[in-house]
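A structural walkthrough
Given next are the chains, with one letter for each unit.
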Amino acid sequence: MEDPAPASRAAALPAEGRCGYFVEKKRRFCRMVAAAGRRFCGEHAGAAEEENARKRILCPLDPKHTVYEDQLAKHLKKCNSREKPKPDFFIQDINAGLKDEMEIPEQLVPFSSLSEEQLENLIKKLRKASEGLNSTLEDHIMSHPALNDALNDPKNGDCAIKHLKQQASILGNIEKLKLLGPRRCFVEFGAGKGKLSHWVDIALKDAENVHFLLVEKVTTRFKVDGKHRKNNSVFERLQIDIQHLCLNRIPVLQEGRLPVVGIGKHLCGVATDLALRCLVETYAASFEERNEEPLAKRVKNDKTEKESNIPSEEGNEKNIQEMWTPVAGVVIALCCHHRCDWRHYVGKEYFKALGLGAVDFYYFQRMSSWATCGMRRTSLEASDITTKRKDDQNYDNEEHDDGGDRLTDGSTDGMPGILTAEEKKNIGHLCKLLIDQGRLQYLQQKGFNPALQYYTDPSVSLENVLLTAIPAHLSLQEATHK
């Protein structure tokens, strides 16, 4: 039987103005535009006799495309993959944290190679370290009128509704913490399309002096920023890795004393630690370096004033001004603990106080994925293969609808090597809780009053834990006025 390729090639012709090169693999002509007077596009010109004199080579900046060798110098100046000038707010590794003396050994035993005894010892360590922790979080599933129309719009499918329910609950929690108001700068970490900031802006309506900084390290399509160009709010997108972001150098934060509110929806693993350090360590600490009263001292003074019970109305107004803090609050929906990193983790001191180190953190971090992987196989070997496959996927998506549920009581003492799916979920949730507890202690040490709560139902998102924090002195002030 004859090959149909020649016949199909003869029967079809390239579209007008398009490349005349026939792509055998795709069994069609190239659809790239050819230059005026030429038969082939630049990519396939080397295959044509008329272009034999010029050689095309792989671009050294990005081998996914080619360039004429004699035009390489010119191309490198305008190639989209070239290194672009760093913005003023870029400072290399400013939020990375210090390298620990006990880094994770390079020749670490792979998780899949652990013996039953080693796994049993890890689980015992985990249970001992988490003794006394409250594994049952409070439900703070909320909503907000700003999203009512969208939630009731029949045009929105199930996936869109799940996102909207989460955004509505996050917005409701922001309002409950009294962080939704004028004269603020909302910094959305891992902003993606910027939908969370979009709803915050709608909820604020025409509030005065509101700025939004949308932090995202990659270029994002279908952004919603353009919808706000006619509003009073100012939207600014910062394309940068949180690890290198210095908020002190952002003009809007340099010029005015706008309290910052850090927000995020499903901020992935290590990004949460980088964001916390960016806010409460790098940014807030800079104000103390300017000889302003430290936050811890303000809290102590406020406690003394509360005990004396003698503040006047005029004194309260003065104290409110004096107790101004650069970071008004943090509201972040957590996810993907298996993508945390020991170097960047803010809760190192908490782990060390429990007698745990980098190696323990690595294994707990890996086991945390059991909480949401939805595995139904009981073999440890099979489960680890599944976990590895999940690790290789892109976990920067906003949803992880692959099974799992909340933490429930369970025991693995009798089955150290072969665990049921339910037992794995329990252990995974415990790992997440322990990692998050280190973050809570970090925030407490930095003068904040942090909390963890469920902000949405597991049927909406398996990653349903919200981390909130407000300055401790503001919590104290609110308690005083009740």
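Residues numbered from 1 in each chain as written. Predicted model: local features only at pLDDT ≥ 70, side-chain atom pairs only at ≥ 80, totals over all residues. Heavy atoms only, no water.

Named according to an unreviewed UniProt entry, the protein is tRNA:m(4)X modification enzyme TRM13 originating from Mesocricetus auratus. According to the UniProt record, the Sequence similarities (unreviewed entry) comment for the protein reads "Belongs to the methyltransferase TRM13 family." What UniProt records for the protein under Function (unreviewed entry) is the sentence "tRNA methylase which 2'-O-methylates cytidine(4) in tRNA(Pro) and tRNA(Gly)(GCC), and adenosine(4) in tRNA(His)." (UniProt positions renumbered as here; feature names shortened; annotations may be inferred.)

Brief notes about the overall build of the protein
Counting secondary structure elements, the protein contains 15 helices and twelve strands. Counting every position in the protein, which comprises 482 residues, the buried fraction comes to 49%. Pairs at least 24 residues apart make up 70% of the contacts formed inside the protein by residues separated by at least 6 positions. Within the structure as shown, the protein displays about 25900 Å² of accessible surface, and the carbon and sulfur contribution to it stands at 48%. (Helix = DSSP H or I, 4+ residues; strand = E, 2+ residues; numbered from the N terminus. Buried < 20%, exposed > 50% of the residue type's maximum accessible area, 1.4 Å probe, protein only. Contact = heavy atoms within 4.5 Å. Areas by Shrake-Rupley, 256 points an atom, 1.4 Å probe, with all protein chains shown as cover.)

Some details on empty space enclosed by the protein
All told, the structure shown has two cavities of 30 Å³ or more when counted by the stated rule. Roughly 190 Å³ of internal volume is contained in the largest cavity. Sorting the residues of the lining of the largest cavity by element identifies helix H14 (421–445) and strand S11 (448–454) as the ones contributing at least two each. For the lining of the largest cavity, the element with the most residues is H14, which contributes four residues. (1 Å grid on protein atoms, 1.4 Å probe; cavity = no way out; pocket = protein on both sides within 12 Å on 5 of 7 lines; lining within 4 Å. Points joined across faces, edges and corners; volume = space filled by probe spheres on them.)

What about the sheet that holds strand S8 (residues 234–238)?
The strand order across the open sheet formed by eight strands is S5-S11-S12-S10-S9-S6-S7-S8, and the pairing between neighbours is mixed. Unpaired on one side and paired on the other, strand S5 (138–139) and S8 mark the two borders of the sheet. Both S11 and strand S12 (residues 465–471) contribute to a ladder of seven bridges, which runs antiparallel. Paired with Tyr454 across the strands is Val465, a residue of S12. The strands touched by helix H5 (residues 158–176) are strand S9 (260–268), strand S10 (327–335) and S12; relative to S9, the strand with the most contacts, the crossing angle is about 150°. Of the strands in this sheet, S10, S11 and S12 are in contact with H14, which crosses S11 at around 155°. (Pairing = 2+ DSSP bridges. Axes fitted to C-alpha atoms, helices over the stretch in contact; angles between N-to-C directions.)

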